[in-house]
Amino acid sequence: MANEEDDPVVQEIKPKQQKVELEMAIDTLNPNYCRSKGEQIALNVDGACADETSTYSSKLMDKQTFCSSQTTTNTSRYAAALYRQGELHLTPLHGILQLRPSFSYLDKADAKHREREAANEAGDSSQDEAEEDVKQITVRFSRPESEQARQRRVQSYEFLQKKHAEEPWVHLHYYGLRDSRSEHERQYLLCQGSSGVENTELIKSPSEYLMMLMPPSQEEEKEKPVAPSNVLSMAQLRTLPLADQIKILMKNVKVMPFANLMSLLGPSVDSVAVLRGIQKVAMLVQGNWVVKSDILYPKDSSSPHSGVPAEVLCRGRDFVMWKFTQSRWVVRKEVAAVTKLCAEDVKDFLEHMAVVRINKGWEFLLPYDGEFIRKHPDVVQRQHMLWTSIQAKLEKVYNLVKETMPKKLDGQSGPTGLVSGDQRVQVAKTKAQQNHAFLERELQRRKEQIRASAVLPGVRIKEEPMSEEEEDEQEGEEEEEPMDTSPSGGLNNRLANGLPAGRAVGGDSFNGHPPPGCANTPVARELRAFVEATFQRQFVLTLSELKRLFNLHLASLPPGHTLFSGISDRMLQDTVLAAGCKQILVPFPPQTAASPDEQKVFALWESGDMSDQHRQVLLEIFSKNYRVRRNMIQSRLTQECGEDLSKQEVDKVLKDCCVSHGGMWYLKGTVQS
């Protein structure tokens, strides 16, 4: 400012570091002033005798003290404004003090009252007491004060109060509003250097300038919720990423048709992106989407009713969802008997996705959405693969009897009835007998390939001559243990042109693809790549576990992939053997509860690393023993591989191929709990 040199700074007040007190006189002649009350307060504070230390020398409360307090920690958002001649002049504030009345005189009145009471008690007691005898006293000299003790004393409350009381008062002169001195000081609030020249600094828009003048508070930003929780604001929801929008909607709604989800997200959202996002947070049940259990029950959470951990709750809710994929009706007692959860938890599961019907049970909340099933067969197929994997886990955890359900066709409006295993085997045998001539041609074709392999050294074909009875028996076995990967399901999804899924008629293809002997087809190459990559990570797998991993692999593939055309058990096993693996004939005990797929164990025979020899010796041991002790494995490996075998090498081969249970070692996937 131009006049800054004429107005030197006399004194600076720092409100963050010092406390300011302002003493103001009270007009005792004002008719609103209560004189009797003022005299009583002065008497209580100073007593009857007035001296230099008296607070009110006039024996009236004729003054009031105001003490400052800090109003805000961030004063950069505030400014002093002065409007004059159509112009708004703003001056930033660097400190704000709020003055409040101080009632320290009441503390002095209490102290005076206690002193008078103590003096009266001392006077009364001295009249009754006799003259005391002279007693010997001991004089002690205080120690020199240390630096730490001095710092503690300086920082104590009593020292600060004493220092504050000793500070001298500074007399101020008050100037009224119309005084020339006040008008002169007020001129400093006006911009002195404009003189009609345009200020080039104010080139921002009004909204930007207001944002600079009033920036959003950091405290308000921290308190602002990231996403809606109980009540959804659609305006705020649509500012979030698409994946978060889908997750929040499904978490709140629980069950929703795909058409309703698209209407909530808006017409501008791509349906393909929504399909990709919904599969991450929900599962398909009867054509509708149901939120996944781990979204509702995250890790490290527990049931509010029973305290059961989230893992058990997710497993129980998955069982309820899986039951609704099989039927529109679920009985709560049946769910509670299988999951062993309390009635409140089971009721919560059912209320998420069903409505109770008197004398019937719980019915799925929404009708079967056949339109979505017809429009998106690839998504339906991926979801079917996931449900197959979940079903296998549930059967193992809850010891369920395996239920065989024919899958819904496109034209059906809902789930169909049960078909027994004997009926399916009978149908398969009947169709196999009807195609006896084709089976003969298949056998003849294999024999011709074997003869051709003698001329072509790069081709190896394994000959498995079978009689008609053995072929029929194998067809029945394959029908009992299918690997369901086709979207249409039903009885015909196990057969190709009337033959079992693992066979082809002459040179005909399987579901449009050549038979597994043709290793140059895209399906065979993709399948072999999956098998080789899987066995490089896990050296030993049962057929059941391999099928589960393959279903998960299918679920991760994009729609329309070649592997969705259908892979049979036989084709998968042939690919495993062609990839350098061997089947280990583990001697399971006669009373084993393992299924036929769990008894088929395959292991990688050669991987190209230093552990191949150790692994082969270990696999030979388990081809003759169901379970083995470690000392026997150690001695056999030492005998076959030499005395320099280290403990780390033994631990590695055991970790790759085996699991320990009850002090014994088993091949992976073969231990029965």
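This one's a predicted model, so the numbers in the text were calculated from it and none came from an experiment.

Asker: For this particular structure, what's the right way to read the sheet that holds strand E7 (residues 282-285)?
Answerer: In any sheet, the strands associate via hydrogen bonds between backbone groups, in a parallel or an antiparallel arrangement. The antiparallel open sheet is built from three strands, whose spatial order is E6-E8-E7. One side of each edge strand has no neighbouring strand; the edge strands of this open sheet are strand E6 (255-256) and E7. As paired strands, E7 and strand E8 (residues 288-291) are joined by four bridges and run antiparallel to one another. Within E8, the position partnered with Val 285 by the bridge is Asn 288. Taken strand by strand, helix H17 (residues 377-398) contacts E7 and E8, and its axis lies near 100° from that of E7.

Asker: How should the packing of aromatic side chains be read in this particular structure?
Answerer: Ring pairs (aromatic) are described by centroid distance and by the angle formed between their planes. Throughout the structure, instances matching the rule amount to nine aromatic pairs. With centroids separated by 5.4 Å and ring planes inclined at 45°, the aromatic side chains of Phe 258 and Phe 372 adopt a geometry described as tilted. Here the residue Phe 258 occupies a position in helix H10 (residues 258-265), and Phe 372 occupies one in helix H16 (residues 370-375), the gap between them amounting to 114 residues. For the pair formed by Phe 258 and Phe 372, the shared burial category is buried. Geometrically, the ring pair formed by Phe 324 and Phe 364 is tilted, given 5.4 Å between the ring centres and 55° between the ring planes. Highlighted residues: Phe 324 in helix H13 (residues 310-326) and Phe 364 in strand E11 (residues 361-364), separated in sequence by 40 residues. For Phe 324, a relative accessible area of 0% gives the class buried. Taken together, the ring pairs in this structure connect Phe 258, Trp 289 and Phe 372 into an aromatic cluster. The ring of Trp 605 carries the charged tip of Lys 582 above its face, separated from the ring centre by 4.2 Å.

Asker: Explain the nonpolar core here, please?
Answerer: Soluble globular proteins: nonpolar side chains tend toward being buried together. Grouped together as the largest cluster of nonpolar side chains are 56 residues, with contacts concentrated most on Met 250, Trp 289 and Phe 324. One finds Phe 588, Leu 619, Phe 622 and Tyr 666 within the second-largest nonpolar core, a separate group that totals 53 residues.

Asker: Looking at this structure, I do not really get the sheet that holds strand E1 (residues 21-25). What am I missing?
Answerer: The strand order across the open sheet formed by three strands is E1-E2-E5, and the pairing between neighbours is antiparallel. Each edge of the open sheet is held by one strand with a lone partner, namely E1 and strand E5 (97-101). Neighbouring strand axes in the sheet, compared pairwise and without regard to direction, differ in orientation by 35° on average.

Asker: Please explain the packing of helix H21 (residues 522-537) against helix H22 (residues 543-556) as it appears in this structure.
Answerer: Helices that pack against each other are described as a pair by the angle of their axes relative to one another and the distance between those axes. The N-to-C vectors of H21 and H22 enclose an angle of 120°; their axes lie 11 Å apart at closest approach. Relative to H22, the element H21 lies oblique. Seen from above, H21 lies across H22 with right-handed handedness. Across the interface between the two elements, Leu 527, Phe 530, Thr 534 and Phe 535 from H21 touch Leu 546, Leu 549, Phe 550 and His 553 from H22. Looking at the contact of H21 with H22 residue by residue, the classes come out as six nonpolar, two polar and no charged.

Asker: What is the right way to read the environment of Gly 370 from this model?
Answerer: Among the structural elements, Gly 370 can be located in helix H16. Spatially, the C-alpha atom of Gly 370 lies 6.4 Å from that of Gly 287, the residues being 83 residues apart in sequence.

Asker: What's the story with the side chain of His 614 in this structure? I'm lost.
Answerer: On the secondary structure map, His 614 appears in helix H25 (residues 612-622). The contacts of His 614, once residues within four sequence positions are left out, are Leu 637, Cys 641, Leu 645, Glu 649 and Val 653.

Asker: Please explain the confidence of the model for the protein chain as it appears in this structure.
Answerer: The pLDDT averaged across the protein chain works out to 75; a share of 73% of its residues lies at or above 70. Across residues 12-17, where pLDDT falls below 50, the model places six contacts with residues more than four positions away in sequence or in other chains.

Asker: Before we go on, may I ask you to explain the pattern of salt bridges in this structure?
Answerer: Oppositely charged side chains can form a pair if their charged atoms are brought close together. Across all of its chains, the model carries 19 salt bridges by this definition. The partner of Lys 647 in a salt bridge is Asp 651, with the nearest N and O atoms 2.9 Å apart. Placement of both Lys 647 and Asp 651 in helix H27 (residues 647-657) is noted, with a separation of four residues, approximately one turn of the helix. Here Asp 656 and Lys 652 are joined by a salt bridge, their closest N and O atoms 3.1 Å apart. Residue Asp 656 and its partner Lys 652 are both found in helix H27; the two are separated by four residues, about one turn of the helix. With a relative accessible area of 38%, Lys 652 lands in the partly exposed category. Several salt bridges converge on common partners, so that one network encompasses Arg 328, Arg 357 and Glu 363.

Asker: Whenever I open this one, the pairing of strand E10 (residues 354-357) confuses me. Can you help?
Answerer: Along any regular strand, the residues point their side chains to alternate faces of the sheet. In this structure, E10 lies alongside E11, joined through four bridges in antiparallel fashion. Opposite Arg 357, over in E11, you have Gly 361 as the bridge partner. The hairpin formed by E10 and E11 contains three residues between the paired strands, and Asn 359 there has a positive phi angle of roughly 65°.

Asker: Is there a simple way to explain the side chain of Lys 254 in this structure?
Answerer: Its place among the elements puts Lys 254 in the loop between helix H9 (242-253) and E6. Buried within the structure, Lys 254 lacks any salt-bridge partner; Glu 351 is the closest side chain of opposite charge, at an N-O distance of 9.6 Å. In this structure the side chain of Lys 254 is engaged in a polar contact, spanning 3.2 Å, whose partner is the backbone oxygen of Lys 251. With residues near it in sequence (within four places) discarded, Lys 254 still touches Leu 249, Trp 289, Val 290, Val 291, Leu 296 and His 352.

Cut-offs applied
- Residues numbered from 1 in each chain as written.
- Predicted model: local features only at pLDDT ≥ 70, side-chain atom pairs only at ≥ 80, totals over all residues.
- Heavy atoms only, no water.
- Pairing = 2+ DSSP bridges.
- Helix = DSSP H or I, 4+ residues; strand = E, 2+ residues; numbered from the N terminus.
- Contact = heavy atoms within 4.5 Å.
- Axes fitted to C-alpha atoms, helices over the stretch in contact; angles between N-to-C directions.
- Phe/Tyr/Trp six-rings, centres within 6.5 Å; stacked < 30°, edge-to-face > 60°.
- Buried < 20%, exposed > 50% of the residue type's maximum accessible area, 1.4 Å probe, protein only.
- Lys NZ or Arg CZ within 6 Å of the ring centre and 35° of its normal.
- Core = buried A, V, L, I, M, F, W, Y, C linked by side-chain atoms within 4.5 Å.
- Parallel < 35°, antiparallel > 145°, perpendicular 65-115°, else oblique.
- Left-handed = near helix turned anticlockwise from the far one by under 90°.
- Nonpolar A, V, L, I, M, F, W, Y, C, P; charged D, E, K, R; others polar.
- pLDDT = per-residue confidence, 0-100.
- Salt bridge = Lys/Arg side-chain N within 4 Å of Asp/Glu carboxyl O.
- Lys, Arg positive; Asp, Glu negative; His and termini not counted.
- Polar contact = N/O pair within 3.5 Å; in protein donor to acceptor, adjacent residues only side chain to side chain.

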